[in-house]
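Coordinate inspection notes
The primary structure of each chain is shown beneath.
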Amino acid sequence: YQDLLKLTSMKYIIFDIDGTLTDTTAIDDHCYTRAIEDCFGFKDFETNYGYYQNTTDSGIIDQLCRERLGRTFTEAERDHFITHFCGLLQQAYQEDPATIREIAKAGTVIETLCRQEHYSIGLATGGWRQSAHFKLKCAGIDVSACTASFAQDALARQDIIHATIRKMNEKNVLDTAPPGIVYVGDGVWDYLTTQQMGIGFIGIANRKLAHLEDIIRIDDYDQLYQHIGLYEERIK
């Protein structure tokens, strides 16, 4: 009975990072493109990353390596790429700290939700673990209480979200995930993934999502609470 009560009262809220918690999409794309050129020597590849089958840091280089080299990347190549990519991000941030900023109120939202007894908060990003933590740290967002999965966990965004849900189940000692999971993201690929998975989606209002109808779209994080049933508790 206690397990059933816990399952029915628990809510999972999972966040993307780039463009959702951190205002980093532009610098991330710039450094990622340069890292591909520097580490793999690839030229003239598609830099509209929504083009790729898996719009994740691991999925994009997997596809490029298969197309150009006839194989996926090795673990050593991946680790070298991550180190170089993070170095480029660090250099860009040192030159101009405005390149990595918090999406307004994102840190407060994470902090508030993590304090709620019946909410479990997760992260599921197509970015690498190391680069994600660097950007979050620069933006001043504490995610130490969140359960997270990254590009190392899977190539496909759907599988990364599934990995986070599995980890959240383990953390909350639940055999199955509670109903009503919500993913908060900023990309069309985020929305399409949640549609495939049958979970809820809340979009950060931007041009990428402007053409989508019948979705919950917020342009201020204060609006998030009312959509996840925490409106009266937001000041706790």
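Procedures and definitions
Residues numbered from 1 in each chain as written. Predicted model: local features only at pLDDT ≥ 70, side-chain atom pairs only at ≥ 80, totals over all residues. Heavy atoms only, no water. Buried < 20%, exposed > 50% of the residue type's maximum accessible area, 1.4 Å probe, protein only. Helix = DSSP H or I, 4+ residues; strand = E, 2+ residues; numbered from the N terminus. Pairing = 2+ DSSP bridges. Right-handed = clockwise from strand over helix to strand, strands pointing away. Phe/Tyr/Trp six-rings, centres within 6.5 Å; stacked < 30°, edge-to-face > 60°.

Describing the pairing of strand E7 (residues 200–204)
With four of five residues buried, E7 is to be regarded as a mostly interior element. Here strand E6 (residues 182–185) runs beside E7; their pairing, made up of four bridges, is parallel. Bridge assignment links Val182 to a residue of E7, and that residue is Gly200. In this fold, the crossover linking E6 to E7 by way of helix H8 (residues 188–197) has right-handed handedness. Pairing geometry for E7 and strand E8 (residues 216–218), over three bridges, is parallel. The residue bridging Gly203 from the neighbouring strand is Arg217, located in E8.

Details of the packing of aromatic side chains
Within this structure, the stated rule accounts for twelve aromatic pairs. Between Phe15 and Tyr221, the aromatic rings sit 6.4 Å apart at their centres with planes inclined by 50 degrees, giving tilted as the arrangement. Taken together, the residues Phe15 in strand E1 (residues 11–15) and Tyr221 in the loop between E8 and helix H9 (224–227) connect sequence positions 206 residues apart. Classification of Phe15 as buried rests on a relative accessible area of 0%. For the ring pair Tyr32 and Tyr49, a centre distance of 5.3 Å and an interplane angle of 90 degrees mean the geometry is edge-to-face. Of this pair, Tyr32 sits in helix H2 (residues 25–40) while Tyr49 sits in the loop between H2 and helix H3 (57–69), placing them 17 residues apart in sequence. Comparing Tyr32 with Tyr49 shows no difference in burial state: the two are buried.

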